Structure formats: structure tokens, C-alpha cells
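# Fold and contact review
One-letter residues, chain by chain:
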Amino acid sequence: MRVTQSMLSSNMLRNLNTSYSKMSKYQNMLDSGRKITRPSEDPVVAVKGMGYRIDLDKNEQYQRNIREAHTWLDTTDEALDQTGSALKRVKELIVQAANDTNTTDDRQKINSEMQQLKEQLRDIANTKVGENYIFSGTHTNEPLYTDKTGPQNPAITTGGQKAIEINVFDGIPMNINTPGADLFKDIDGFMTHITTLLQSGATGTEIGDALGLETSSGGNKIPGLDAVYESTLTVRADVGARQNRVEMMENRLSLQEINVTKQLSVNEDTDYAKTITEMVTQESIHQASLSVGAKIIQQTLVDFIR
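Our subject in this report is the structure included herewith. Source: prediction; values computed, not measured.

Another point: the overall build of the protein. Of regular secondary structure, the protein possesses nine helices and six strands. Scored against the burial criterion, the 306 residues of the protein give a buried share of 38%. Residue pairs at least 24 apart in sequence account for 69% of intrachain contacts in the protein once pairs closer than 6 positions are excluded. Put simply, the protein shows about 17,800 Å² of open surface, and 52% of that area lies on carbon and sulfur atoms.

What follows deals with the packing of helix 2 (residues 43–97) against helix 7 (residues 225–268). Where helix 2 contacts helix 7, the axes come no closer than 8 Å and their chain directions differ by 160 degrees. The angle between helix 2 and helix 7 falls in the class roughly antiparallel. Seen along the crossing, helix 2 lies across helix 7 with a hand that is left-handed. Its residues assigned to classes, the contact of helix 2 with helix 7 shows 21 nonpolar, 14 polar and 15 charged.

Along strand 4 (residues 172–175), the buried face is formed by I172 and M174; none of P173 and N175, which line the opposite face, is buried. Note that strand 3 (residues 165–169) and strand 4 share four bridges and pair antiparallel. Residue pairing for strand 4: N167 is matched across the bridge by P173. Between strand 3 and strand 4, which follow one another and run antiparallel, lie two residues, and G171 among them has a positive phi close to 70 degrees.

Here the focus is the nonpolar core. Formed by 50 residues in total, the largest nonpolar core has its most connected members in I94, M114 and F184. Of all the elements in the fold, those that place two or more residues in this core are helix 2, helix 3 (104–125), strand 3, strand 4, helix 5 (181–200) and helix 7. With residues up to four places along the chain from it excluded, the contact list for F184 reads T83, L121, I124, A125, F135, L144 and Y145.

Turning our attention to the environment of T76. Tracing the backbone shows T76 in helix 2. Judged by relative accessible area, which is 0%, T76 ranks as buried. Residues T76 and N177, 101 residues apart in the sequence, show an inter-C-alpha distance of 7.8 Å. Discounting residues that sit within four places of it in the chain, T76 has contacts with I134, F135, T178 and V239.

Another aspect to go through is helix 3. With 22 residues, helix 3 extends 31 Å between its outermost C-alpha atoms, agreeing within 8% with the 32 Å of an ideal straight helix rising 1.5 Å per residue. Buried within helix 3 are the following residues: R107, I110, N111, M114, L117, K118, E119, L121, R122, I124 and A125. As for helix 3, its buried residues are in contact with helix 2, helix 5 and helix 6 (204–209).

Cut-offs applied
Numbers given to residues run from 1 along each chain, matching the order in which its sequence is written. Given that the model is predicted, a residue must reach a pLDDT of at least 70 before its local features are reported, and side-chain atom pairs must reach 80 or more before they are shown or counted; all residues, however, enter totals for whole chains, interfaces and linings. Side-chain metrics in this entry use all non-hydrogen atoms of the structure; hydrogen atoms and water are not considered. Secondary structure elements are defined from DSSP: runs of H or I of at least 4 residues count as helices, runs of E of at least 2 residues count as strands, and each element is numbered from the N terminus. Exposed residues in this analysis have more than 50% of their type's maximum accessible area, buried residues have under 20%, and partly exposed residues fall in between, with area computed by a 1.4 Å probe over protein chains only. The contact criterion used is simple: two residues touch if any of their non-hydrogen atoms lie within 4.5 Å. Accessible surface area values rest on a Shrake-Rupley calculation with a 1.4 Å probe, where residue burial reflects the displayed protein chains alone. Under this scheme, a helix contributes an axis fitted over its contacting stretch, all axes are lines through C-alpha atoms, and angles between N-to-C directions fall in the 0 to 180 degree range. Any angle that falls under 35 degrees is termed roughly parallel, while one over 145 is termed roughly antiparallel, one within 65 to 115 roughly perpendicular, and all others oblique. For any pair of crossing helices, the crossing counts as left-handed if the nearer helix is rotated counterclockwise from the farther one by less than a right angle, and right-handed if it is rotated clockwise. Each residue is assigned to one of three groups, with Ala, Val, Leu, Ile, Met, Phe, Trp, Tyr, Cys and Pro labelled nonpolar, Asp, Glu, Lys and Arg labelled charged, and all others, Gly among them, labelled polar. In this analysis, strands are considered paired if DSSP registers two or more bridges between them. Definition used in this section: a nonpolar core is a set of buried Ala, Val, Leu, Ile, Met, Phe, Trp, Tyr and Cys residues joined via side-chain atoms within 4.5 Å. Take the number of residues in a helix, subtract one, and multiply by 1.5 Å to get its expected span.

Structure (C-alpha cells):
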């Protein structure tokens, strides 16, 4: 095959264009800090990057869910702590009232404080996070108590004992609420019983019997103070266990975020040291191509006139 001057010139120009394209690619990598600026440059890198970003978006949503879980569980724990403190004060008042040396006036004063504690416990049962009642199960828009009434039937018989779950990781739901209808129903029933005893002029022994695990009210057995206090501790222990698990999931999400971010960086970010080296090398090759090309291109009449 006969090699002509035109063929040599065309090959040289094509090679120079390729060299310019490579230098442009390295320049874009250095300017943008990314290995690619368009998916077509490397579809594998682009697809992997999309996957990593989806993982990071999920992680961000799970972290928002974790923060919501912290809010609910911390509020629940604080409310149960207040419940325990109120019941301790109730015990002190019962011990005081069980002394038969108390006059009717003395017991009425004790009963006045008992009534306030009863209302305080109902207020705790209606604790809210934002606009949501945390002890009403899935009936988050309904309080357990309305004014002076007892636990509402809808909150007890239907959704009052149901859990509210949110996902804190892939396929891992977490129960963030504590249905409290049964617990506060027992507490309220006990408080009603003890205030009735104080108002009816019961003996010190009858009042003191309310301190046990079980007591009698109108011929029926109901949980005593020790029973409702133990129930409160049991519920609070469950909340504490879930708080610990939420913290562990939070740590797990933090580690996953670090790992995925690192993988995304390795997949897409420019290796500056390597890219600069390749850029300098390509520039040297380009300069050499220009020098050789200048000798290949046929001289024109203008060159001879000079």
C-alpha cells in the first residue's frame, strides 16, 4: 500500500485530537474532583455511585427515624419516672394515714394531697410528644383521660394496646411507643380506692392493707400499691431496654454511613496524585507528537520563501 503525504497528515491530526481528548479528560477530573462527569464515560462507576447514594439516602432516613425513636422513648422514660415518684409519695401518705392517732381533719388533709396526686398521675397518662399521646397506643390523637373520666374505651379495647413501629434499619422495625391503658387503669383504680378509704373513715389497718400486692375494693380484688409500682418498674425496664437497642442501632448507622461514604469516594473521587502524573505524562507525549508532526507535514512554498 502506498503511503501518501495526505495519509500521514490525517493520522497525525487524528492522534493529536486523541491526545487533546485525553488531556481534556484529565483536566476535567482535576477541576471537578470526580472520575467521571457523565454516566457514559464509565457506566459501571455511574451505576455503583447510584447504589451508594441510595444507601446513604436510606441511612439518612433511618437516622431521622432513630431521632424520633429517641424522642418517644426518652419522653416515656421520663413520664414513668414521674409516675414512680408520685407512687412513692402515695406510699408515704398511706403509711402516715394508717396511723389511728390521726384525726378526721388529718386524714382529710392527706386525702386532699392524694386527690392532687391522682390528677397528676392522670396528667402523666396523657403525656404527649408533639401532638401525639404516647400512652394511647395507635390512638395517638386520643388522651387516656378526659377531664375527670377514666381511661377511654376506644384507647383500651381497640388500638390502645397496639405498638407503633418505625424502621431503624433495613428490615428492622422498632416499637417506639408504650401502650399504657392497662397500667394507668390499675393505678387510677388504686388511687380511687385509697381516696375512698380516706373519705369513708376506714381504720388504719384497712388503709395499711392497700400497701400490699393486692387489696379489696367493694368486695373485689384489685392490685395494691406494691403491685402497681412493680408494674410501673416492669414497663420502665422495657423502655430502657429499647433505649439501649436504639443507641446500638444509632452506632451501627453511623458506622455504615462512614463505610458507604468511603466506598463512594473510592468509586468516584479523583486520585489527584495519579491524575496529575498521568496529565504530565500525556502533555509530554503530546509535545513529542507535535514535534514529530512538524517534520512529517510537507513544507509549503511559504516555508521556502522564508
